[in-house]
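Residue-level structure breakdown
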Amino acid sequence: TATSKDFLEERLRLSEPSAPAATISSHLLVVVTGERLFGYDALVGGFIEHKHELNDAVILLDAERDVATVVLGTGAVGYAAGSGNFIEERFQLQEDFESLALTTSMATVITSQRLLTFGSGGWAAQNRGF
């Protein structure tokens, strides 16, 4: 990350692609492979990891200064700088992803059924009134 003082290494597994999807911000690096999400958090000073369903489609991946979000076929996964944990929010039946917007400390995922917001406190969901 932009604030890291040293290079650290996290090896890819043999079953993971040699060029996985990745995003970086000033505090976060997030990498998505077919088996896991992992990254580096400059505030924690180390790597973090989250296992997800094998080969779950990566729809979108983005990060701003203190927050990163990965939208998968089955839901969204958020990470807040300094937290040490990825937090998953599963999509409901027949719920489709529509858009993702990030600020320095918050992510907003809009789906066909809900407005999902993610920040340092985790996910919050609100049904969309139609």
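So, a few notes on the structure that sits alongside this text. Predicted, not measured: the structure shown is a model, and the values here were computed from it.

Counting secondary structure elements, the protein chain contains 0 helices and 12 strands. Since a compact globule built from 130 residues should have a radius of gyration of about 14 Å, the 14 Å found for the protein chain is in line with a globular shape. When the 130 residues of the protein chain are sorted by exposure, 41% land in the buried category. A separation of at least 24 residues holds for 40% of the contacts in the protein chain among residues at least 6 apart in sequence. Here the protein chain holds 9 positive side-chain charges and 17 negative ones, and the gap between their average locations is 3 Å.

Here we come to the packing of aromatic side chains. For the coordinates displayed, the defined rule picks out 3 aromatic pairs. Each ring, one from Tyr 79 and one from Phe 86, has its centre 5.1 Å from the other, and the planes form 55 degrees; the classification is tilted. You'll find Tyr 79 and Phe 86 in the same group, each marked buried. The interplanar angle of 50 degrees and the centroid separation of 5.0 Å between the aromatic rings of Phe 118 and Trp 123 together place this pair among those described as tilted. Trp 123 shares its class with Phe 118; the two are buried.

Parameters and conventions
Here the residue index of a chain counts from 1 through its sequence in written order. Per-residue local features of the predicted model are confined to residues with pLDDT of at least 70, and side-chain atom pairs are confined, for both listing and counting, to 80 or more; whole-chain, interface and lining totals are unaffected and use all residues. Think of the side-chain values as coming from all heavy atoms in the structure, minus any hydrogens and water. The secondary structure listing takes helices from DSSP runs of H or I that are at least 4 residues long and strands from runs of E that are at least 2 residues long, numbered from the N terminus. Based on C-alpha atoms, the radius of gyration is set beside the globule rule, defined as 2.2 Å times the residue count to the power 0.38. Burial classification: accessible surface area is computed with a 1.4 Å probe over protein chains only, and a residue below 20% of its type maximum counts as buried, one above 50% as exposed, and the rest as partly exposed. Residue contacts follow a heavy-atom distance rule, with two residues in contact if any of their heavy atoms lie within 4.5 Å. In this tally Asp and Glu are treated as negative and Lys and Arg as positive; neither His nor the chain ends contributes. Charge coordinates come from a single atom per side chain, which is NZ of Lys, CZ of Arg, CG of Asp or CD of Glu. Between rings of Phe, Tyr and Trp, where Trp is taken as its six-membered ring, a pair exists when centres lie within 6.5 Å; planes separated by under 30 degrees are stacked, by over 60 edge-to-face, and by other angles tilted.

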